[in-house]
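# Commentary on secondary and tertiary structure
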Amino acid sequence: QVQLVESGGGLVQTGGSLKLSCVASGSIAEINYMGWYRQVQGKQRELVAVITNPGKINYSDSVKGRFTVSRDSAKNTVYLQMNSLKPEDTAVYYCNADGTFHRSDVHLLEPFNSWGQGTQVTVSS
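This text gives an overview of the structure that appears in the document. Remember, it's a predicted structure, so these values are computed and weren't measured experimentally. Residue numbers run consecutively from 1 along every chain, following the written order of its sequence. A pLDDT threshold of at least 70 governs which residues receive local features in this predicted model, and a stricter bar of 80 or more applies before side-chain atom pairs are shown or counted, although totals over entire chains, interfaces and linings include all residues. For the side-chain quantities, the full set of heavy atoms in the structure was used; hydrogens and water were omitted.

Next up on the list: the pairing of strand S1 (residues 3-7). Burial along S1 is one-sided: the residues Leu4 and Glu6 are buried and none of Gln3, Val5 and Ser7 is. Of the pairings in the sheet, the one linking S1 to strand S3 (residues 18-25) comprises five bridges and is antiparallel in character. Its bridge partner being in S3, Glu6 is matched across the sheet by Cys22. We call a residue buried when its accessible area falls under 20% of the maximum for its residue type, exposed when it is over 50%, and partly exposed in between, using a 1.4 Å probe and counting protein chains only. Helix and strand definitions here come from DSSP, where helices need a minimum of 4 consecutive H or I residues and strands a minimum of 2 consecutive E residues; each element is numbered from the N-terminal end. Being paired, for any two strands, means DSSP has found at least two bridges between them.

We define a salt bridge as a side-chain nitrogen of Lys or Arg found within 4 Å of a carboxyl oxygen belonging to Asp or Glu. Under the defined criterion, the tally for this structure stands at five salt bridges. A salt bridge links Asp61 to Lys64, with the shortest nitrogen-to-oxygen separation between them at 3.2 Å. Asp61 sits in the exposed class, given a relative accessible area of 64%. The closest approach of N and O atoms between Glu110 and Arg103, which form a salt bridge, is 3.2 Å. Through salt bridges with shared partners, a single ionic network connects Arg38, Glu46, Arg66 and Asp89.

Moving on, we come to the nonpolar core. For soluble globular proteins, the rule of thumb is that nonpolar side chains tend to be buried together. Membership of the largest hydrophobic core comes to 29 residues, with the highest contact counts inside it found for Trp36, Leu80, Met82 and Tyr93. Every element with two or more residues in this core is listed here: S3, strand S4 (28-39), strand S5 (46-52), strand S7 (67-72), strand S8 (77-82), strand S9 (91-103) and strand S11 (119-124). The dominant element in this core, judged by the number of residues it contributes, is S9, at five residues. Definition of nonpolar core: a set of buried residues of the types Ala, Val, Leu, Ile, Met, Phe, Trp, Tyr and Cys, connected through side-chain atoms within 4.5 Å.

Right, let's talk about the sheet that holds S3 for a bit. Taken in spatial order, the four strands line up as S1-S3-S8-S7 in an open sheet, and their pairing is antiparallel. Every other strand in the sheet has two partners, leaving S1 and S7 as the edge strands with one partner each. Geometrically, the sheet is characterised by an average inter-axis angle of 15° between neighbouring strands, direction not taken into account. Sheet analysis places S3 next to S8, joined by six bridges and oriented antiparallel. Considered in S8, the bridge of Cys22 is made with Val78. Structural elements are reduced to axes, namely lines fitted to C-alpha atoms, with helices fitted over the stretch in contact, and the angle between N-to-C directions of any two is expressed from 0 to 180 degrees.

What follows is the structure in structure tokens.
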């Protein structure tokens, strides 16, 4: 199985910056994409930014121009640089990765779609 560990959340003032990190670990064969989602209690989880293996990037309209997603493929790590933060950015941010991993016991390659535990980002007014 593939595990994701997120870090970098915290409390920041309006206009401040945070950088989130997500590291995927396990017998990974290939990661098709890694992305960031966020969720406010009582609302649906929404896409923030996704970066694919070839480097295609998608941002939600609400974060375009303020957030930047990047990836270190060698480290199976994705980052989210968040600038000009607003109170409406307050949410739990989740990392998501999709790909394939090695099932060594039966010599199989199996798909995975894993989520991190989430990290809280709070932006004060």
